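Chain and residue survey
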Amino acid sequence: QPRDALGMYQVALDCAMAEWGKEHPNVATCYGNIGNVYSAQGDYDNALLQQHTSLEIKLRVLESEHPEVAASYNDIGTVYELQGKYEEAGLQFLKSLGIRLRVLGSGHPDVAVSYHNIGNVYKAQGKHEKALVQYHKSLEIELRVFGSEHLTVAGSYNNIGA
């Protein structure tokens with residue numbers, strides 16, 4: 001239930017701020033979680049506000065090349081994608097991908113997620129060949145990491161076939 005989740009995440013945010021102050025990675029995570037709930041409710045303006053707050057805190061307290069910063073760019077991109085703002089979404093997904101490649105390496109599952117999300121943007125824009133390239137990159141990583149019988153791999157085959 002999104003309304004219940006929002007209340008619970010707000011309590012978690014209040015507790016995190018009381019424990020660690022306003023400038024802490026756990027506080028940033030709480031803002032991101034609240035943003036995810038707003039996104040699930042279709043309240044994209046509030047979702048973006050919360051996701052940007054999360055990102056700003058992470059940029060102040062973590063290195064700019066941190067996986068959590070990449071996750072924030074990904075979350076912001078997802079909101080833009082849901083809004084149909086594909087150019088903005090693509091830019092955020094590319095920022096996330098760049099950090100993930102540099103920090104996690106080309107074979108990490110989060111890199112596969114970034115390729116998948118970029119593929120989704122291309123698909124939504126009608127750029128099907130570019131989407132397929134991204135989906136294949138994602139699938140290649142997933143097969144190495146998860147094996148051919150994993151549900152994530154099945155989802156990638158579905159994207160390629162769709």
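Below: a short report on this structure. (Residues numbered from 1 in each chain as written. Predicted model: local features only at pLDDT ≥ 70, side-chain atom pairs only at ≥ 80, totals over all residues. Heavy atoms only, no water.)

1. Quick notes on helix H6 (residues 109-124)
What counts here: Strands here are runs of E lasting at least two residues and helices are runs of H or I lasting at least four, both read from the DSSP assignment and numbered beginning at the N terminus. Expected helix span is computed as 1.5 Å times (number of residues minus one). When a residue's accessible area, from a 1.4 Å probe over protein chains only, is under 20% of the maximum for its type it is buried; when over 50% it is exposed; and in between it is partly exposed. In this description, contact between two residues means that some pair of their heavy atoms is separated by no more than 4.5 Å.
For H6, which comprises 16 residues, the first-to-last C-alpha distance of 23 Å matches the rise-based estimate of 22 Å (1.5 Å per residue) to within 8%. Buried residues of H6: Val111, Ala112, Ser114, Tyr115, Asn117, Ile118, Gly119 and Val121, and no others. Tucked inside the fold, the buried residues of H6 contact helix H4 (67-83), helix H5 (86-104) and helix H7 (128-146).

2. What about the packing of H7 against helix H8 (residues 151-161)?
Quick reminder of the rule: Where helices are involved, their axes are fitted lines through C-alpha atoms of the stretch in contact, as for all axes, and angles between N-to-C directions lie from 0 to 180°. Just so you know how the angles are binned, under 35 degrees is roughly parallel, over 145 roughly antiparallel, 65 to 115 roughly perpendicular, and the rest oblique. Each helix crossing is assigned a hand: it is left-handed if the near helix lies turned anticlockwise from the far helix by less than a right angle, otherwise right-handed if that turn is clockwise. Residue polarity follows a fixed list, in which Ala, Val, Leu, Ile, Met, Phe, Trp, Tyr, Cys and Pro are nonpolar, Asp, Glu, Lys and Arg are charged, and the others, Gly among them, are polar.
As a packed pair, H7 and H8 sit with axes 9 Å apart at the nearest point and diverge in direction by 160°. In terms of orientation, H7 and H8 fall into the roughly antiparallel class. Along this stretch, H7 crosses H8, giving a crossing that reads as left-handed. For the pair H7 and H8, the contacting residues are Leu132, Tyr135, His136, Ser138, Leu139, Glu142, Leu143 and Phe146 in the first and Thr152, Val153, Ser156, Tyr157, Asn159 and Ile160 in the second. Residues belonging to the contact of H7 with H8 are distributed by class as follows: eight nonpolar, five polar and one charged.

3. Quick word on H4
Helical periodicity: at 3.6 residues per turn, an α-helix aligns residues three or four positions apart in one direction. If you check H4, its first and last C-alpha atoms are 25 Å apart, about what 17 residues at 1.5 Å a residue would give, namely 24 Å. Among all positions in H4, only Val69, Ala70, Ala71, Ser72, Tyr73, Asn74, Ile76, Gly77, Val79, Tyr80 and Glu81 are buried. Close packing links the buried residues of H4 with helix H2 (25-40), helix H3 (44-61), H5 and H6. Phi turns positive one or two residues past the end of H4, at Gly84, with a value near 80°.

4. Description of the environment of Val133
One can find Val133 in helix H7. On a C-alpha basis, the gap between Val133 and Ser54 in space is 31 Å, while along the polypeptide they are 79 residues apart.

5. Some remarks on the side chain of Ser138
On the secondary structure map, Ser138 appears in helix H7. When its relative accessible area of 0% is taken as the criterion, Ser138 is described as buried. Ignoring anything within four residues of it in the chain, the contact list for Ser138 reads Ala112, Tyr115, His116 and Ser156.

No statement about biological role is implied by the geometric values presented.
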